[in-house]
Each structure stands twice: as C-alpha cells, then as structure tokens.
Amino acid sequence: MIDDSDRAAVAAQLGREPRGMRGVAHRCPCGLPDVIETAPRLPDGSPFPTLFYLTCPKAASAIGTLEASGLMREMTERLAVDPSLAEKYTTAHQDYLDRRDAVARDQGMDPLPPGTQSAGGMPARVKCLHALVGHELAVPGANPFGREAIDALPEWWRGGPCVDTPEENL
C-alpha cells in the first residue's frame, strides 16, 4: 500500500503521476521519498526495466552535474583494469535483475525476458548514475558505483525538501 502523501510528493517531484509505483524504496534525509520501487511492467503491460527510480529533483540535478564532469567515463575505464571492481559491478547487476524478477513474481506477472537491460549500463559500462544511485540508496552496499557517486554528491537535502507536500500547504 502506498501512502497518499507519498504518492502526492512523488507526483510533485516528477511533475506527473508516477507509473507502476509499488512503494518508497528510500527516503531523503528531509523525509520525502527520493527513490521509488516500480513494477517491471507498467499497468498497460509495457516493460519497465527500471526497478529503482530516483525521484528527487535536487538529487537528480546534483547527479547530473557529476555525469557532466566525465565521471561515468572514468568509472567505465576502471572496469577494464580492475577485476575486483568489475566483479562487484557484475554482482550489482545480478542483484538488480534478481530483485526485479522477484517483484514480477510477487505481482503475478512474468519477469522481463532474459537479456533485458538492468539499469545504468550494468554490467559492462556506467551509463546512468541516477539509476546506480537509486539502486545503492534502495539497497545499501549493493552498487559500488552508486556508492561512489553518493559519496561525491553534495548534501542536496540541506536546503529543505525539493517539493511542497500537501501537509506543508495546510
């Protein structure tokens, strides 16, 4: 069950109603959701491979700055020369797939077909830090590049919540 205030906060963060939202996977230190868990298929049956969806616009903006710095290229290059890191990243990829398949089974639907992307470029490259950070926030210790990105981020929540919630407007 998803709380109405969480659904309203996520809708305000995204600027639209969330699709396939199953619940809050992580909360920002400000108290609002910043990562939601989504179903592997949208209500119309369309595949939706992003299990952990980062919703906080302040966090997304800070991550976008990291992406623009060239960090993803540097991370991808490290995969080629650090077998231990590559193994941890492959483990993160499998964790993501396993969790997504478990959600599908829990909802009584077929898992996405084998070979469907996981998230963020896993396991061969770093393509989207937003997805990797969402994975790491939802499952602490699961994603080495998600953790590195989180550690490099400023404290985006310090200025207060990213959106006004219905309770704040009363």
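Look up a bit, the structure's there.
Here's what I pulled together on the structure shown here. What you are looking at is a predicted structure, and each value in this text was computed from that prediction instead of being measured.

The rules behind the values
Residues numbered from 1 in each chain as written. Predicted model: local features only at pLDDT ≥ 70, side-chain atom pairs only at ≥ 80, totals over all residues. Heavy atoms only, no water. Helix = DSSP H or I, 4+ residues; strand = E, 2+ residues; numbered from the N terminus. Expected span 1.5 Å × (residues − 1). Buried < 20%, exposed > 50% of the residue type's maximum accessible area, 1.4 Å probe, protein only. Arc of directions from axis to C-beta. Contact = heavy atoms within 4.5 Å. Pairing = 2+ DSSP bridges. Core = buried A, V, L, I, M, F, W, Y, C linked by side-chain atoms within 4.5 Å. Polar contact = N/O pair within 3.5 Å; in protein donor to acceptor, adjacent residues only side chain to side chain.

Considering helix α2 (residues 57–68)
1) Next: Taking 1.5 Å per residue, 12 residues should reach 16 Å; α2 reaches 16 Å between its end C-alpha atoms and fits that length.
2) Next: Turning to α2, its buried residues are Ala-59, Ala-62, Ile-63, Leu-66 and Glu-67. Seen end-on, α2 carries its buried residues on one side only, within an arc spanning 150°. Opposite its buried face, α2 presents the exposed residues Thr-65 and Ala-68, each directed more than 90 degrees away.
3) Next: As for α2, its buried residues are in contact with β3 (52–54), α3 (71–81), α5 (129–138) and α6 (144–152).

A closer look at the pairing of strand β1 (residues 21–27)
Note on strand geometry: in a regular strand, side chains alternate between the two faces of the sheet.
1) Next: Bridging between β1 and strand β2 (residues 33–38) involves 5 bridges; their strand directions are antiparallel. For Arg-27, the partnering residue across the bridge sits in β2 and is Pro-33.
2) Next: Connecting β1 to the next strand, β2, in antiparallel fashion are 5 residues, including Gly-31 with a positive phi near 105°.

With respect to the nonpolar core
Taken as a class, soluble globular proteins show a tendency for nonpolar side chains to be buried jointly.
1) Next: With 35 residues, the main nonpolar core has Phe-52, Tyr-89, Met-122, Val-126, Leu-129, Leu-132 and Phe-145 as its most contacted residues.
2) Next: Going through the elements one at a time, β3, α2, α3, α4 (83–106), α5 and α6 are the ones with two or more residues in this core.
3) Next: It is α5 that provides the largest number of residues to this core, a total of 6 residues.

Here's the deal with α4
1) Next: Its 24 residues place the ends of α4 34 Å apart at the C-alpha level, agreeing with the 34 Å of an ideal helix rising 1.5 Å per residue.
2) Next: As for α4, its buried residues are in contact with β1, β2, β3, α3, α5 and α6.
3) Next: Of the residues that open α4, the one with a side-chain oxygen 3.2 Å from the backbone nitrogen of Ser-84 is Asp-82.
4) Next: Looking at the residues trailing α4, positive phi occurs at Gly-108, about 75°.

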